[in-house]
Amino acid sequence: MEGTKTVVKVGSRKSQLALIQTNTIIAKLKEIHSNYEFEVVSMTTTGDKILDSALSKIGAKDLFTRELELALEKGDVDFVVHSLKDLPTRIVDSLVIGCVYKRDSEYDAVVMHPKHKGKKLDDLDENSVIGTSSLRRAAQLARRFPTFKFENIRGNLNTRLKKLDEDNKYDAIILAEAGLVRMGWNDRIAQVLTPSECMYAVSQGAMAVECRAGDEKTLALLSPIHDQDTALQCIAERAFLKQLEGGCSVPVCVCSTLTDSQISLKGGVYSIDGKQSVIDTVTKTFPEEPAAKKKATNGHTFSAIVHGNIELVLCQTAEAAGMELANRLLVTEAADILAEAKRQTAEAVIAEQKRKEQEAVEKAKMAETASS
Ligand code: DPM
């Protein structure tokens, strides 16, 4: 019917940041496709409910995504906006990353307790307490500031900022600059960490849209906002993590750069305490020859990212950079560091489960005593 708009259903977590990200993507799509209307379906995920454990101690990779992915698979929603760094390098075959949106800041930032206003990490006392549940941030910063104490801090961004300001437990917390800026909290950024101070997480600062693998209509809708530079860097970074079989359970960090002719990926593997590390860089030149173009087999993705409107050979070169870097590290002591870090996080997962079981037993006992 003339004048009728196609309605697209968009899944989102309920957190303020998730909704801001979802609405950013929708606003951009509306600019391009005036004949579409978007309806947001928001839901709570398991990760939103577990607030008392560090993510690395929970032991599941898809805490924030599973419920949304189920809604996608069922057809209840047509696409879901994520922070790409929260999406595992392997997702179910029925789903793909239909586009990667132009990256915001990929760096980490320091947010100070109000009593330290105007200070940088260098100005803090020796025994300062830094709030972060990121093994990657703790490992790299422990190396630089060996006397600091690193404590877990969980919850959505609003909760963390409140904890910092009100609990008097932390001197500072470390968060992604992108998240802080999206929330409009630029004035709380005390310091942005350069890669020489703290390399970032794979895909940090990039938003991605997940949709059904064969859903050509949605893929075509997303194609114009698939950002080539961001996608190529994220393909390289994700290939690196995938080949290492890393995840949020190990301190893996990256820094990538792109020119018209080359992609360069620097990556590091750290021990949990930050005392050991191996860092290396791989640079690859993009082939110019159209003859070098390989045909993609239907449905081929790059760590779940579709190539879409991007030349296949560029994606293949980016992926090769990530894989080569991982393979290079895996023949050094990085393999042992990685294996030991995985062992330690697996142990922490079990300890955390025991702690929770114990807590449940205590609670049940208390309830019994109270009722008798
Ligand atoms: C992942 C990590 C964290 C998030 C681990 C890491 C940080 C956890 C923490 C994989 N996902 O970075 O080493 O600090 O306890 C997350 C944030 C964003 C996406 C918030 C943040 C916003 C920025 C973006 C949580 N996921 O990192 O401060 O879009 O990249």
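Above this note sits the structure.
Calculation rules
- Residues numbered from 1 in each chain as written.
- Predicted model: local features only at pLDDT ≥ 70, side-chain atom pairs only at ≥ 80, totals over all residues.
- Heavy atoms only, no water.
- Buried < 20%, exposed > 50% of the residue type's maximum accessible area, 1.4 Å probe, protein only.
- Helix = DSSP H or I, 4+ residues; strand = E, 2+ residues; numbered from the N terminus.
- Pairing = 2+ DSSP bridges.
- Salt bridge = Lys/Arg side-chain N within 4 Å of Asp/Glu carboxyl O.
- Axes fitted to C-alpha atoms, helices over the stretch in contact; angles between N-to-C directions.
- Contact = heavy atoms within 4.5 Å.
- Near = heavy atom within 4 Å.
- Polar contact = N/O pair within 3.5 Å; in protein donor to acceptor, adjacent residues only side chain to side chain.
- Areas by Shrake-Rupley, 256 points an atom, 1.4 Å probe, with all protein chains shown as cover.
- 1 Å grid on protein atoms, 1.4 Å probe; cavity = no way out; pocket = protein on both sides within 12 Å on 5 of 7 lines; lining within 4 Å.
- Points joined across faces, edges and corners; volume = space filled by probe spheres on them.
- Nonpolar A, V, L, I, M, F, W, Y, C, P; charged D, E, K, R; others polar.
- Parallel < 35°, antiparallel > 145°, perpendicular 65-115°, else oblique.
- Left-handed = near helix turned anticlockwise from the far one by under 90°.

Asker: What am I meant to see in the pairing of strand β3 (residues 79-83) here?
Answerer: Counting buried residues along β3, five of its five residues qualify, which places the element largely inside the surrounding structure. What you see with β3 is no split at all: Phe79, Val81 and Ser83 on one side and Val80 and His82 on the other are buried throughout. Pairing between strand β1 (residues 6-13) and β3: two bridges, direction parallel. Looking at β3, one finds that Gly11 is bridged to Val80.

Asker: Quick question: what am I supposed to make of the pattern of salt bridges here?
Answerer: Should their charged atoms come close, side chains of opposite charge can pair. Inspection of every chain in the model, using the stated rule, returns 21 salt bridges. A salt bridge links Asp108 to Arg136, with the shortest nitrogen-to-oxygen separation between them at 2.9 Å. Placement of Asp108 in strand β5 (residues 108-112) and of Arg136 in helix α4 (residues 135-144) is noted, with a sequence separation of 28 residues between them. On the basis of relative accessibility, which here comes to 6%, the residue Arg136 falls in the buried class. When the shortest N-O distance is used, the salt bridge between Glu151 and Lys149 registers 3.4 Å. Classification of Glu151 by relative accessible area gives partly exposed; the value is 23%.

Asker: Whenever I open this one, the sheet that holds strand β11 (residues 252-258) confuses me. Can you help?
Answerer: Through backbone hydrogen bonds, the strands of a sheet pair up, either in parallel or in antiparallel fashion. Strands sit in the order β11-β12-β13 across an open sheet of three strands; the sheet is antiparallel. For this open sheet the edge positions go to β11 and β13 (277-285), each flanked by a neighbour on one side alone. Between one strand axis and the next, the sheet turns through 15° on average, direction left out of account. Bridging between β11 and strand β12 (residues 262-270) involves seven bridges; their strand directions are antiparallel. Bridging from a neighbouring strand, Cys255 pairs with Lys266 of β12. The sheet contacts of helix α8 (residues 228-244) involve β11 and β12, and relative to β11 the element is tilted by about 150°. Against the sheet, helix α10 (residues 334-371) touches β11, β12 and β13, its axis set at about 55° to β12.

Asker: Is there a simple way to explain the site of the ligand in this structure?
Answerer: By nearness alone, 17 residues border the ligand, and Lys85, Asp86, Ser134, Arg182 and Gly205 come closest of all. Within the contact set of the ligand, a nitrogen atom lies 2.7 Å away from a side-chain nitrogen or oxygen of Asp86. Residue Gly205 places a main-chain N or O atom 2.7 Å away from an oxygen atom belonging to the ligand. Out of a free accessible area of 630 Å², the ligand has 89% covered by protein chains. Listing elements by their share of the shell around the ligand, those giving two or more residues are α4, β8 (172-176) and α6 (177-182).

Asker: Help me understand empty space enclosed by the protein in this model?
Answerer: It is a probe the size of a water molecule, rolled over the atoms, that shows where empty space is left. Under the definition given, this model contains one cavity of 30 Å³ or more. In terms of lining residues, the largest cavity is bounded by Leu121, Asp122, Arg144, Phe145, Gln191, Leu193 and Glu197. Residue composition of the lining of the largest cavity, grouped by class: three nonpolar, one polar and three charged.

Asker: Any chance you could explain the packing of α8 against helix α9 (residues 312-330) here in plain terms?
Answerer: Think of two packed helices as two axes; the pair is described by the angle between the axes and how far apart they sit. Their axes nearest at 7 Å, the elements α8 and α9 cross at an angle of 30°. Considering their axes alone, α8 and α9 lie roughly parallel with respect to each other. Two packed elements cross with a definite hand, and for α8 against α9 that hand is right-handed. Taken together, the residues of α9 that come into contact with α8 (itself represented by Gln228, Leu232, Ile235, Ala236, Ala239, Phe240, Gln243 and Leu244) are Leu314, Cys315, Ala318, Glu319, Gly322, Met323, Leu325, Ala326, Asn327, Leu329 and Leu330. Classifying every residue of the contact of α8 with α9 by side-chain character gives 14 nonpolar, four polar and one charged.

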